[in-house]
Amino acid sequence: MSGDFISKQALSKEIKEKIIPDKYGTSNAVLDVMGAVLRVIGEQVTVYDAEKVIQKLEKEKTNFIGMGTLQSAYFDKGIDKAIEIVKSSGTAVGQKGESE
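## Considerations on the overall build of the protein
For the protein, the count of helices and strands is 4 helices and 0 strands. Going residue by residue from the N terminus, the α and β elements of the protein occur as α-α-α-α. Out of the 100 residues belonging to the protein, those deemed buried represent 18%. Here the contacts in the protein between residues at least 6 apart in sequence split such that 56% fall between residues at least 24 apart. Of the accessible surface of the protein, which amounts to about 7,800 Å², a share of 57% is contributed by carbon and sulfur atoms.

## Considerations on the confidence of the model for the protein
In low-pLDDT regions, the fine details of the predicted coordinates are not to be read closely. The predicted model of the protein averages 77 in pLDDT, with 76% of residues at 70 or higher. Across the protein, helix α3 (residues 50-60) holds the top mean pLDDT of 88, while helix α1 (residues 8-24) sits lowest at 78. Confidence drops under pLDDT 50 across residues 93-100; counting only partners more than four residues distant or on other chains, this segment forms 10 contacts.

## Description of the pattern of salt bridges
Counting across every chain of the model gives 3 salt bridges. Between E58 and K61 there is a salt bridge; the shortest N-O distance is 3.8 Å. Owing to a relative accessible area of 17%, K61 belongs among the buried residues under this scheme. In this structure, K61 and D80 form a salt bridge, with 2.7 Å as the shortest nitrogen-oxygen distance. Within this pair, whereas K61 is found in the loop between α3 and α4 (70-89), its partner D80 is found in helix α4, the two being separated by 19 residues in sequence. Note on D80: relative accessible area 33%, which makes it partly exposed. Taken together, the shared-partner salt bridges connect E58, K61 and D80 into one network.

## What about helix α2 (residues 28-42)?
In this model, α2 (15 residues) spans 21 Å end to end at C-alpha, consistent with the 21 Å of a helix rising 1.5 Å per residue. Among the residues making up α2, those that are buried are V30, M34, G35, L38 and I41. Looking down the long axis of α2, one finds its buried residues gathered within 135° of arc, a one-sided arrangement. Exposed residues on α2 whose side chains face more than 90 degrees from its buried face are N28, A29, D32, V33 and R39.

Quick notes on the rules
Residues numbered from 1 in each chain as written. Predicted model: local features only at pLDDT ≥ 70, side-chain atom pairs only at ≥ 80, totals over all residues. Heavy atoms only, no water. Helix = DSSP H or I, 4+ residues; strand = E, 2+ residues; numbered from the N terminus. Buried < 20%, exposed > 50% of the residue type's maximum accessible area, 1.4 Å probe, protein only. Contact = heavy atoms within 4.5 Å. Areas by Shrake-Rupley, 256 points an atom, 1.4 Å probe, with all protein chains shown as cover. pLDDT = per-residue confidence, 0-100. Salt bridge = Lys/Arg side-chain N within 4 Å of Asp/Glu carboxyl O. Expected span 1.5 Å × (residues − 1). Arc of directions from axis to C-beta.

See the structure below:
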């Protein structure tokens, strides 16, 4: 992956609204190709910036080392587990490419 993040919805909208009707019309062949392109876009893996997700998760931790409640300790343990999942996966849960 090159690191380029794009919105599938925004790209699909651009194709539907600008590229196809303006330049190629709306013949059956053009609509068939447009449908195929939109399906391919929709099938792409959903990605996210893992480092930003990890930073947000780290901020959620209570960090009451030795002084917190049992609940805060388990909460922080859950956050740590979520961070492990983010680091190991690279794809959003429920999307193609998900590692289990």
